[in-house]
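Chain residues, written in single-letter form:
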Amino acid sequence: MSPMRSANAQRTSRSKSSPRAHNGPSLKYLIIAVVAALVFVLVYRRVRPYLQLIQKVVNTLNQEPTERGRTTSQAEHKLVRCVNCGTWVPSDKATRIGSTIYCSTECLEKRSASNDRKLAG
Ligand SMILES: [Zn+2]
C-alpha cells in the first residue's frame, strides 16, 4: 500500500507543480514584456528629439568635408606680399622661391638683378 501512496503523492505533487511552473513564468514574462514595451515607448518618446538632434549633427558632420574644402581653398587664395614691389597677390598665383614670394617672374628677375647689382656695387 505504501508504494502506491508515494506514487500517488508524487503524481499529485507533479500535477500541482507543473501547471504552476508553466503558468507562473509565462505570466511574469508577459508582464515584463508589457512593462518593457511601455517603458520603450515612453523612453522613445523622450529620446525622439535627441535622436532627431543626433541625425542633424550627423548630417552636419557629413556636410563638413565640403566646408573644410572651402576653407582650404580660401587658404590657397590668401594674399601674400611681393618682396620686390610690395604688391599683394593670391598665394596660388604668386611665384615662390623658398620663403620669398614674388607677384610675377618679372619681379623675381628684377629682384635677382638688383641683388646682382648690389653684389657688384
Ligand atoms: Zn612684384
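Reference entry: report on the structure contained in this document. All figures in this text were calculated on a predicted structure; none of them were measured in a lab.

1. Brief notes about the overall build of the protein chain
Thinking step 1. Looking only at helices and strands, the protein chain features two helices and four strands.
Thinking step 2. Mapped in sequence order, the helices and strands of the protein chain form the string α-β-β-β-β-α.
Thinking step 3. Put simply, the protein chain has 121 residues, and 2% of those count as buried.
Thinking step 4. When contacts within the protein chain are restricted to residue pairs at least 6 apart in sequence, long-range pairs at least 24 apart make up 10% of them.

2. So, the environment of Val80
Thinking step 1. With respect to the helices and strands, Val80 occurs in strand E1 (residues 79–81).
Thinking step 2. Val80 sits 21 residues away from Ile101 along the chain, and the two C-alpha atoms are 7.2 Å apart.
Thinking step 3. Sequence-distant contacts of Val80, that is, excluding residues within four places in its chain, are made with Val89, Ser91, Ala94 and Ile101.

3. Some words on the environment of Ser114
Thinking step 1. Along the chain, the position of Ser114 falls in helix H2 (residues 105–120).
Thinking step 2. On the basis of neighbour counts, which here come to 12 C-beta atoms within 10 Å, the residue Ser114 falls in the exposed class.

Each value, and the rule that gives it
- Residues numbered from 1 in each chain as written.
- Predicted model: local features only at pLDDT ≥ 70, side-chain atom pairs only at ≥ 80, totals over all residues.
- Helix = DSSP H or I, 4+ residues; strand = E, 2+ residues; numbered from the N terminus.
- Buried ≥ 20, exposed ≤ 12 C-beta atoms within 10 Å, placed from the backbone.
- Contact = placed C-beta atoms within 7 Å.

Limitation: the analysis is restricted to geometry and does not speak to function.
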